[in-house]
Amino acid sequence: MTPPNASITVTVNGEPRALDAGITVGALLQSLDLAGKRLAVERNGEIVPRATHPHAVLVEGDRIEIVVAVGGG
């Protein structure tokens, strides 16, 4: 069990970030103001399906890449 107020370090788009232990992909996206946007999330080289974002718990050392779709022409 993770102690209260514990933190983990994950890399998000090449930048190390200290996050609360137990944070999910969905909560990370909310904290980055990206919830609901068209985007793709990759964790350690594998796509994280949108349907699993609320349940996909991040762990120490995860490498996250977030790519936001940009419209236009």
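A few points on the structure. None of the values given here were measured: they were computed from a predicted structure. (Residues numbered from 1 in each chain as written. Predicted model: local features only at pLDDT ≥ 70, side-chain atom pairs only at ≥ 80, totals over all residues. Heavy atoms only, no water.)

**Quick look at the overall build of the protein chain**
Thought 1: Secondary structure summary: the protein chain contains one helix and five strands in total.
Thought 2: The C-alpha atoms of the protein chain give 13 Å as radius of gyration, which agrees with the globular expectation for 73 residues (11 Å, within 12%).
Thought 3: Overall, the protein chain is about 50 × 25 × 20 Å in size when its C-alpha atoms are taken along their principal axes.
Thought 4: Residues counted as buried form 29% of the 73 residues belonging to the protein chain.
Thought 5: A fraction of 52% describes how many contacts in the protein chain between residues 6 or more apart in sequence connect residues 24 or more apart.
Thought 6: A total accessible area of about 5,000 Å² is found for the protein chain, and carbon and sulfur atoms account for 51% of it. (Helix = DSSP H or I, 4+ residues; strand = E, 2+ residues; numbered from the N terminus. Rg over C-alpha atoms; globule rule 2.2 N^0.38 Å. Buried < 20%, exposed > 50% of the residue type's maximum accessible area, 1.4 Å probe, protein only. Contact = heavy atoms within 4.5 Å. Areas by Shrake-Rupley, 256 points an atom, 1.4 Å probe, with all protein chains shown as cover.)

**Some thoughts on the sheet that holds strand 3 (residues 39-43)**
Thought 1: Spatial strand order, 2-1-5-3-4: five strands in an open sheet with mixed pairing. This sheet does not close on itself; its edge strands, each paired only once, are strand 2 (15-20) and strand 4 (46-47).
Thought 2: The pairing of strand 1 (residues 7-12) with strand 5 (residues 63-68) spans two bridges and is parallel. Across the sheet, residue V12 finds its bridge partner in strand 5, namely I64. (Pairing = 2+ DSSP bridges.)

**Points about the pairing of strand 3**
Thought 1: Here strand 3 runs beside strand 5; their pairing, made up of five bridges, is antiparallel. Considered in strand 5, the bridge of E42 is made with E65.
Thought 2: Pairing of strand 3 with strand 4 involves two bridges; the strand directions are antiparallel. If you follow E42 over to strand 4, its bridge partner there is I47.
Thought 3: Counting the residues between successive antiparallel strands, the hairpin from strand 3 to strand 4 contains two residues, one of them, N44, with a positive phi of roughly 50°.

**Focus: the pattern of salt bridges**
Thought 1: Using the criterion set out here, one finds one salt bridge in the structure.
Thought 2: The salt bridge involving R43 is made with D62; its shortest N-O contact spans 3.8 Å. Of the two residues, R43 is situated in strand 3 and D62 in the loop between strand 4 and strand 5; the sequence distance between them amounts to 19 residues. (Salt bridge = Lys/Arg side-chain N within 4 Å of Asp/Glu carboxyl O.)

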